[in-house]
Amino acid sequence: MRDKVYSPSSVSGLVRTFQGQIFPWLVEAAASLGRPLTFNDIDPDLALRLAADLRQRLNYTTAAKVFQRFLLFLKFASQIGLSKPLAEIRPPNPFPKTKAAQRATLPYSRRERSELLGCLAKDLQSIRAGTSVLAPLEELVVYFLLIAFRSGFNATPLLELSRDAIRPHPLRKDYWLLVGYKLRALRTVKASAKWSELVDQFATVPTDLVTLYREVLAKTAPAVDLVDVQHKHYAFLRPPLGSRASARAGQSVPLTNADVSTCIHQRLAARYAITGDDGKPLRINLRRIRATLASRAYELSGGDPFVVAKLLNNSPLTAAIHYLSAPPDAATEFAAALHTYENRLRNGTPASAEKTPLGKCSDTKKGRYAPNDGVTHCQRWLHCFKCPNHCVSGDDDDLWRLYSFYWLLQRNAEKLRHMPISGMTRFAIRVMDEVIPSIFGPKAISARDRARHNPHPFWVRMRDDDLLLSETYDAR
């Protein structure tokens with residue numbers, strides 16, 4: 001672990017994986033050899049046999065994660081001289097395209113989110129009124145979940161929040177920052193919150209980030225004197241342990257993932273009795289809370305993946321793979337958007353429309369998705385297909401430029417599947433496969449064939465990554 005710092009949760013996950021999955025398999029492998037295994041027995045063939053067994057017993061994504069932890073262990077072992085270098089042990093990748101197999105965490109629907117937040121708000125009211133029937137640990141978990149809804153933090157940065165994590169915004173009055181630390185990424189994470197004493201004083205149920213955090217500090221203040229020195233700066237400190245842990249009886253400890261999980265699944269979920277849209281008991285966890293926050297941010301930002309990534313403190317690709325998935329009514333909205341696009345094209349092209357790499361635009365500087373700075377042309381190519389300013393006249397040149405973009409998308413389809421713009425990509429391809437030919441007929445088919453073998457120079461020069469963030473274009 002010398003070249004990278006790993007969080008305690010990552011290390012404990014590695015230990016659990018070895019105890020539950022890898023050590024039992026190694027014992028069976030040793031039995032087949034008739035002698036104990038040694039590090040010298042671990043070679044690419046043994047690793048491939050393990051991968052094959054994991055694929056049979058587990059789903060593809062889980063098997064890939066277990067195998068990666070096996071390789072991580074071998075890396076640590078080689079660093080301290082117990083095994084051969086990892087390069088001599090690692091086999092050819094037995095789990096290709098694991099990202100393509102991953103599914104984004106499903107966000108809560110509006111009804112599920114509303115009911116869950118309603119239950120948490122009722123508990124919060126009773127805690128503040130002193131009438132709560134919850135145990136002190138359960139009350140702390142209620143605050144934990146509400147702050148998770150407000151901040152979008154992962155579990156570990158949230159559990160390790162310091163007692164000075166709320167800080168004034170350096171530039172904006174009445175704004176504050178909740179600052180955590182993501183150990184695995186070796187960087188801080190931040191959530192912005194607007195707060196003023198006037199609003200806090202008159203709100204019926206103040207659930208803003210600053211108020212919640214300050215109440216956590218007040219509730220855990222007595223525990224600061226009862227906790228180890230290295231943990232005194234933690235905000236989430238659980239009450240002293242009881243006699244069941246006699247070695248540490250009367251001593252407070254930091255809140256853990258296990259505490260949160262136990263309270264949610266054994267107490268809060270049963271009390272709330274919320275059912276999901278599938279009729280089953282609603283699963284309450286931080287991944288779904290983060291996915292819900294991501295889905296809401298994506299909707300309010302007009303489909304901007306960078307807003308979502310910034311909110312979640314992730315890269316756009318990571319946010320897309322793990323947290324952005326289609327909402328339940330996506331199919332209906334998809335069909336409606338296709339119909340809207342077709343009607344817009346049939347209404348004709350404004351005489352003042354300017355030429356763009358995707359046809360024409362009625363206002364490249366002040367359109368719906370344009371920067372609106374009066375200078376910069378809009379460059380959000382995939383948004384053109386949902387923008388009222390976009391139009392296609394049916395001229396051969398317009399269609400040639402449009403289908404040159406089409407073939408760029410097709411050539412990079414596999415890569416684009418993992419990007420935050422994947423939904424927009426599918427919509428654009430569907431438009432050019434169905435709507436454009438239905439309106440322009442043989443001319444569209446001819447332009448598509450022409451663009452395949454002789455694409456427009458603009459799209460030849462366009463790099464794949466520029467589909468996410470391209471430079472201002474020179475419309476010709």
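Residues numbered from 1 in each chain as written. Predicted model: local features only at pLDDT ≥ 70, side-chain atom pairs only at ≥ 80, totals over all residues. Heavy atoms only, no water.

**Observations concerning the overall build of the chain**
Rule in force here: Runs of H or I in DSSP of at least four residues are treated as helices and runs of E of at least two as strands, each being numbered from the N terminus. The classification of residues rests on relative accessible area computed with a 1.4 Å probe and restricted to protein chains. Under 20% of the type maximum is buried, over 50% is exposed, and intermediate values are partly exposed. The contact criterion used is simple: two residues touch if any of their non-hydrogen atoms lie within 4.5 Å. With residues, only the protein chains shown are counted as cover, and all accessible areas are computed by Shrake-Rupley using a 1.4 Å probe.
The helix and strand inventory of the chain stands at 20 helices and eight strands. For the chain, the proportion of its 476 residues judged to be buried stands at 45%. Long-range pairs, those at least 24 residues apart, make up 66% of the contacts in the chain with a sequence separation of at least 6. Approximately 24,900 Å² of the chain is accessible, and the part contributed by carbon and sulfur atoms is 54%.

**Some words on the sheet that holds strand 6 (residues 354-356)**
Inclusion rule: For two strands to be treated as a pair, DSSP must find at least two bridges joining them.
Judged by pairing direction, the sheet is antiparallel, and its three strands sit side by side in the order 6-7-8 without closing on themselves. Every interior strand has two partners, whereas the edge strands, strand 6 and strand 8 (390-391), have only one. Pairing of strand 7 (residues 359-361) with strand 8 involves two bridges; the strand directions are antiparallel. Bridging across to strand 8, Cys-361 finds its partner in His-390.

**Some thoughts on the packing of helix 6 (residues 110-129) against helix 7 (residues 136-151)**
Just so we agree on the cut-off: Lines fitted to C-alpha atoms define the axes, with helix axes restricted to the stretch in contact, and inter-axis angles between N-to-C directions lie between 0 and 180 degrees. Just so you know how the angles are binned, under 35 degrees is roughly parallel, over 145 roughly antiparallel, 65 to 115 roughly perpendicular, and the rest oblique. Here a crossing is called left-handed whenever its near helix is offset anticlockwise from the far helix by less than a right angle, and right-handed whenever the offset is clockwise. Residue polarity follows a fixed list, in which Ala, Val, Leu, Ile, Met, Phe, Trp, Tyr, Cys and Pro are nonpolar, Asp, Glu, Lys and Arg are charged, and the others, Gly among them, are polar.
Where helix 6 meets helix 7, the axes come as close as 10 Å, and the angle between the chain directions of the two elements is 135°. When the interaxial angle is binned, helix 6 and helix 7 end up oblique. Between helix 6 and helix 7 lies a crossing of left-handed hand. Here helix 6 contributes Arg-113, Leu-116, Leu-117, Leu-120, Asp-123, Leu-124, Ile-127 and Arg-128 to the contact with helix 7, which in turn contributes Glu-139, Val-142, Tyr-143, Leu-145, Leu-146 and Phe-149. Across the contact of helix 6 with helix 7, the residue classes tally to 10 nonpolar, no polar and four charged.

**Topic: the environment of Tyr-108**
Structurally, the position occupied by Tyr-108 is in the loop between helix 5 (98-101) and helix 6. Tyr-108 gets classed as buried once you look at its relative accessible area, which sits at 5%. The sequence separation of Tyr-108 and Ile-289 amounts to 181 residues, and the corresponding C-alpha distance is 7.4 Å.

**A look at the packing of aromatic side chains**
As a reminder, the rule being used: Only Phe, Tyr and Trp rings take part, Trp by its six-membered ring, and two of them pair if their centres are within 6.5 Å. Stacked means planes under 30 degrees apart, edge-to-face means over 60, and tilted covers everything else. Consider the ring centre and the ring normal. A charge sits over the ring if Lys NZ or Arg CZ is within 6 Å of that centre and within 35 degrees of that normal.
Across all of its chains, the model carries 11 aromatic pairs by this definition. Ring plane angle 20° and centroid distance 6.3 Å describe the contact between Phe-39 and Phe-73, whose orientation is recorded as stacked. You can see Phe-39 sitting in the loop between helix 1 (8-33) and helix 2 (44-57) and its partner Phe-73 sitting in helix 3 (residues 60-79), a full 34 residues away along the chain. Taking the relative accessible area as the measure of exposure, Phe-39 reaches 27% and is therefore partly exposed. Of the residues examined, Phe-73 reaches a relative accessible area of 27% and is grouped as partly exposed. Seen in terms of ring centroids, Phe-385 and Phe-405 are 6.3 Å apart; in terms of plane orientation they differ by 15°. Their pairing is stacked. Of this pair, Phe-385 sits in the loop between strand 7 and strand 8 while Phe-405 sits in helix 16 (residues 396-411), and the two are 20 residues apart along the sequence. An identical accessibility class is assigned to Phe-385 and Phe-405; each is buried. Taken together, the aromatic side chains of Tyr-341, Trp-381, Phe-385, Phe-405, Phe-458 and Trp-459 make up a single cluster linked through ring pairs. If you follow Lys-386 out to its NZ or CZ, it ends over the ring of Phe-427, 5.1 Å from the centre. Sitting over the face of the ring of Trp-400, Arg-450 holds its NZ or CZ atom 4.0 Å from the ring centroid.

**Regarding the pattern of salt bridges**
Oppositely charged side chains are able to pair whenever their charged atoms sit close together. The line we're drawing: Throughout this description, the term salt bridge denotes a Lys or Arg side-chain nitrogen within 4 Å of a carboxyl oxygen of Asp or Glu.
All chains considered together, the criterion is met by 17 salt bridges. Asp-53 is the salt-bridge partner of Arg-57, the closest N and O atoms lying 2.6 Å from each other. In this pair, Arg-57 and Asp-53 are both assigned in helix 2, four residues apart and thus about one turn of the helix distant. Taking the shortest distance from any N to any O, the salt bridge between Arg-401 and Asp-397 comes out at 2.9 Å. Taken together, the residues Arg-401 and Asp-397, both in helix 16 and four residues apart, mark about one turn of the helix. A relative accessible area of 1% means that Arg-401 is categorised as buried. Residue Asp-397 is classed as partly exposed on the basis of its relative accessible area, which comes to 30%.

**As for unusual backbone geometry**
The phi torsion at Ala-273 lies on the positive side, around 50°, for a residue other than glycine. Its location among the elements puts Ala-273 in the loop between helix 11 (257-272) and helix 12 (286-300).

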